[in-house]
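Letter by letter, the chains look like this.
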Amino acid sequence: MTSAKAKLSLFAVAAVLAAGCGAASNLTPGAGFKVGKSSSVVVMGVSPSMKIRAFQGWGEGKEWQQNELAKAVINVNPENGYVVVPLAPTFEGESYGIMRIVPSVTTVLSVCTGGSAAVFELPAASVVYIGDFHLNTEDGYLVEVGYDYEKALAFMKATYPQSTEPLAKGRVRVAEVTNGQCDGEPVSFVAK
């Protein structure tokens, strides 16, 4: 393991222990919120309603590796079609990857090794829209990654009218996972 990966692994373990609790939950609609050096907010559209689970990891370009020591940092269902959760900003070389979705109580979909995950970085002190995720079950399980900033902006203005934070434009990248979680039906993310 490289020195940078070792440091990220130790940071992830420390962050989980310091937090003392599980994954972030959706921000309460109608509430105001602030971001800062150590806090940001990620916004994503999700359809149909399905639980999204994202994990810390690293990798740039076309490959991504999950930090196997980290617990899920996002583990929520969307509210009114969107997931809006506070997260710690990422460091250089670090990113979050959506590795698992749960569309029903009886179905768990996981990105296996060699599959594609939706990966994103999150700058400090930002509210960032990263895209929309639509589950397509016509030929297996694929999550199509789309982008509709104007719709996300309208949602944020209607749902969090007291927030004064601007909605930044971010993007996920679809990256091949080098250490997947094949504990459910295989799923992959694809650019729409």
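Residues numbered from 1 in each chain as written. Predicted model: local features only at pLDDT ≥ 70, side-chain atom pairs only at ≥ 80, totals over all residues. Heavy atoms only, no water.

## Quick notes on the pattern of salt bridges
- Throughout the structure, instances matching the rule amount to two salt bridges.
- Across the pair aspartate 183 and arginine 100 runs a salt bridge, and its minimum N-O distance is 2.7 Å. With aspartate 183 in the loop between β12 (173–177) and β13 (185–186) and arginine 100 in strand β6 (residues 94–104), this pair connects stretches of sequence that are 83 residues apart.
- On the basis of relative accessible area, arginine 100 is assigned to the buried category, the value being 12%.
- Its salt-bridge partner being glutamate 121, residue arginine 173 comes within 3.2 Å of it at the nearest N-O pair. One end of the pair, arginine 173, is in strand β12; the other, glutamate 121, is in the loop between β8 (116–120) and β9 (127–136), with 52 residues separating them in the sequence. (Salt bridge = Lys/Arg side-chain N within 4 Å of Asp/Glu carboxyl O. Helix = DSSP H or I, 4+ residues; strand = E, 2+ residues; numbered from the N terminus. Buried < 20%, exposed > 50% of the residue type's maximum accessible area, 1.4 Å probe, protein only.)

## Considerations on the pairing of β8
- Counting buried positions along β8 gives five out of five residues, so the element sits mostly inside the fold.
- Here β6 runs beside β8; their pairing, made up of three bridges, is antiparallel. The partner of glycine 97 across the bridge, within β8, is valine 119.
- Bridge count between β8 and β12: four bridges; the pairing is antiparallel. Across the sheet, valine 119 pairs through a bridge with arginine 173, a residue of β12. (Pairing = 2+ DSSP bridges.)

## So, helix α2 (residues 149–159)
- Residues of α2 that are buried: Tyr149, Ala152, Leu153, Phe155, Met156 and Thr159. Projected down its long axis, α2 shows its buried positions confined to an angular sector of 160°, all on one face. In this structure, α2 carries Glu150, Lys151, Lys157 and Ala158 as exposed residues pointing more than 90 degrees from its buried face.
- Structurally, α2 contributes buried residues whose contacts are with β1 (40–47), β5 (82–87), β9 and β11 (167–169). (Arc of directions from axis to C-beta. Contact = heavy atoms within 4.5 Å.)

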